[in-house]
Amino acid sequence: MDKFVVRGGNPLLGTIKVSGAKNSALPCMAAAILTEDEVILENIPQVQDIETERKLLTSMGAEVELGYGRAQHRTHIKCAILSDPVAKYEIVKTMRASSLVLGPLIARTGIARVAMPGGCAIGGRPIDLHINGLEAMGATITQDHGYLEARADRLKGAHIVFDKITVTGTEDLLMAATLAEGESIFENCAREPEVTDLAALLIAMGAKIEGAGTGTIRIQGVAKLHGARHRINPDRIEAGTFLIAGAITGGDLNVDCCEPKHLGALISKLEQCGVKIDVGADHVRVRSGGELKAADITTEEYPGFPTDMQAQYMALATQAEGTSTVIENIFENRFMHVQELIRMGANITISGRTATVRGKTPLQSAAVMCSDLRASASLVLAALVADGETILDRVYHLDRGYEHFEEKLRGVGAQIRRMGDVFGRK
Ligand code: EPZ
């Protein structure tokens with residue numbers, strides 16, 4: 001398994017480019033199931049989860065081209081024939097977002113067999129809200145040997161109020177409703193930019209959708225959807241990760257090709273910490289404003305402080321003067337990075353969903369273990385300011401959602417390199 005070797009101490013200086021959003025690209029790729037025409041998506045990030053989605057769609061009979069040449073980062077997807085509408089466990093177990101094919105498959109083919117995703121490092125992550133919503137739209141869903149078997153002649157529009165705000169739940173049902181008979185009204189929807197990005201693609205494909213990005217979405221079902229070309233939004237979590245990298249190293253970093261309006265909660269928090277921020281049309285510049293000051297965060301659904309930035313913020317909080325409380329409201333086990341940060345010298349205590357970070361503590365290099373995508377990013381950020389060389393193991397977690405992570409950081413002065421597994425294991 002590949003490792004990263006990071007020598008701390010360098011302030012990050014220069015411009016770093018943000019790639020397309022993994023969490024937009026995944027539902028948008030699944031949306032291609034809804035039509036027999038070709039769907040072209042641009043600004044696709046070259047990350048492992050996208051490759052997994054390509055394998056998943058191909059296994060069902062789709063034709064998927066995926067190119068990352070200089071001009072590209074583009075995928076062409078054609079689901080003319082879905083010969084095998086099954087999301088197999090071997091693929092689903094590596095990526096929970098595979099459940100995003102459930103709604104489109106039922107809407108397009110009337111049948112779907114999707115492996116139950118199982119839990120994951122950060123929490124149980126059930127998909128009961130996806131299932132309840134599809135049943136409310138007329139699907140019959142049974143469980144069979146670890147798979148969900150779903151059938152529907154034609155889904156019917158429904159009025160659904162989500163018990164909890166769910167990003168992929170909103171996306172799954174939104175896709176299903178585009179081909180349902182009649183009107184659907186969904187309330188208590190996720191308002192994340194990734195939902196809005198998906199809706200923009202669906203509308204380009206001929207769907208009739210109003211209110212995406214707000215808590216209430218109205219969809220008028222149509223008989224068919226056609227192909228479209230769509231450019232994926234910049235990745236707001238990658239952008240946020242780089243903003244914190246600039247802040248924690250006391251550098252002067254321009255985060256380019258991003259969407260600043262998706263970063264509001266993080267930017268205002270960084271300013272509260274005393275970081276200097278200049279916001280442009282498609283870039284954000286972060287500079288040291290002297291000693292970092294402690295500030296509390298509570299993760300909330302968008303537009304609140306994103307749970308996907310919690311681990312990265314905690315690394316920053318270890319370098320701030322004072323006590324910061326970090327409350328994780330979305331997932332029940334999203335503190336996997338804490339023990340590793342403590343091993344590097346951080347002073348953090350946990351009580352339930354609240355972590356208390358006492359700073360500023362100098363961080364020491366250590367051998368640490370990555371556990372999930374954002375926890376891994378947190379450990380890289382800590383390593384950038386630790387003394388000596390930190391070895392991070394299992395960086396495959398990072399490869400799932402950050403494109404060319406070490407190259408981008410090296411390009412602005414970080415001392416980071418990848419060390420392959422001596423036996424070539426991934
Ligand atoms: C999406 O996951 C993202 N993944 C996650 O990003 C992100 O952390 C999360 O939204 C929250 O913003 C993708 O978009 C592919 P949820 P999702 O459904 O949709 C509970 C990353 O780092 N829930 O919004 O799976 C759930 O347990 C990943 O890129 C149910 O109870 O998250 C959680 O407590 C990690 N039943 C809460 O809702 C359901 O049916 C929010 O989960 C669905 C969710």
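Residues numbered from 1 in each chain as written. Predicted model: local features only at pLDDT ≥ 70, side-chain atom pairs only at ≥ 80, totals over all residues. Heavy atoms only, no water.

Asks: Explain the packing of aromatic side chains to me, and be specific about the residues and the numbers.
Replies: What the rule picks out here adds up to four aromatic pairs. For the ring pair F162 and F186, a centre distance of 6.2 Å and an interplane angle of 70° mean the geometry is edge-to-face. Pair noted here: F162 is in the loop between strand 10 (159–161) and helix 6 (167–177) and F186 is in strand 11 (residues 183–187), with a separation of 24 residues, a long-range link. The burial state of F162 is the same as that of F186; both residues are buried. Taking 5.8 Å as the distance between ring centres and 75° as the angle between the ring planes, the aromatic pair formed by F305 and Y313 counts as edge-to-face. Assessed through its relative accessible area of 0%, Y313 is described here as buried. Aromatic ring contacts, followed pair by pair, group F242, Y402 and F405 into a single cluster. Lying across the ring of Y147, R113 places its NZ or CZ 4.3 Å from the centre. (Phe/Tyr/Trp six-rings, centres within 6.5 Å; stacked < 30°, edge-to-face > 60°. Helix = DSSP H or I, 4+ residues; strand = E, 2+ residues; numbered from the N terminus. Buried < 20%, exposed > 50% of the residue type's maximum accessible area, 1.4 Å probe, protein only. Lys NZ or Arg CZ within 6 Å of the ring centre and 35° of its normal.)

Asks: Break down the site of the ligand for me, with residues and values.
Replies: By nearness alone, 21 residues border the ligand, and D128, T166, T168, D308 and I330 come closest of all. A distance of 3.3 Å is found between an oxygen atom of the ligand and a backbone nitrogen or oxygen belonging to P126. The contact in question runs from a nitrogen atom of the ligand to an N or O atom on the side chain of D128, over 2.7 Å. Tallying contributions element by element places helix 5 (residues 128–136) first for the shell around the ligand, with three residues. Three or more residues apiece are contributed to the shell around the ligand by two domains, here domain 1 (3–19 + 235–419) and domain 2 (22–231). (Near = heavy atom within 4 Å. Polar contact = N/O pair within 3.5 Å; in protein donor to acceptor, adjacent residues only side chain to side chain. Domains from an automatic or database assignment.)

Asks: I'd like a description of the UniProt feature "binding site: phosphoenolpyruvate" (unreviewed entry) in the chain, backed by residues and values.
Replies: In the numbering used here, UniProt assigns the feature "binding site: phosphoenolpyruvate" (unreviewed entry) to K22 and N23. Within the secondary structure, K22 sits in helix 1 (residues 22–31). In this structure K22 comes out as buried when scored by relative accessible area, which is 8%. Once you skip the residues sitting within four places of it in the chain, K22 turns out to touch P45, V47, D49, D235, L373, R374, R400 and G401. Residue placement: N23 occurs in helix 1. The residues touching N23, leaving out its near neighbours within four places in the chain, are E171, E194, D308 and R374. (UniProt positions renumbered as here; feature names shortened; annotations may be inferred. Contact = heavy atoms within 4.5 Å.)

Asks: I'd like a rundown of the domain arrangement of the chain, residues and numbers included.
Replies: Entries for the chain in the domain assignment read domain 1 (3–19 + 235–419) and domain 2 (22–231). The C-alpha centroid of domain 2 is placed 30 Å from the C-alpha centroid of domain 1. On the domain 2 side, the residues contacting the 23 residues of domain 1 number 22 residues. Contact between domain 1 and domain 2 buries roughly 1,800 Å² in total, counting both sides, with carbon and sulfur atoms accounting for 51%. Summed over the three residues of domain 1 that lose the most area to domain 2, namely Y302, R400 and E403, the buried surface amounts to 33% of that side. Where domain 1 touches domain 2, the interface holds two salt bridges. The tally of links between domain 1 and domain 2 comes to nine residue pairs in polar contact (both at pLDDT 80 or more). Of the residues in the side of domain 1 that touches domain 2, the class split is six nonpolar, six polar and 11 charged. (Buried area = accessible area lost by both parts, 1.4 Å probe. Salt bridge = Lys/Arg side-chain N within 4 Å of Asp/Glu carboxyl O. Nonpolar A, V, L, I, M, F, W, Y, C, P; charged D, E, K, R; others polar.)

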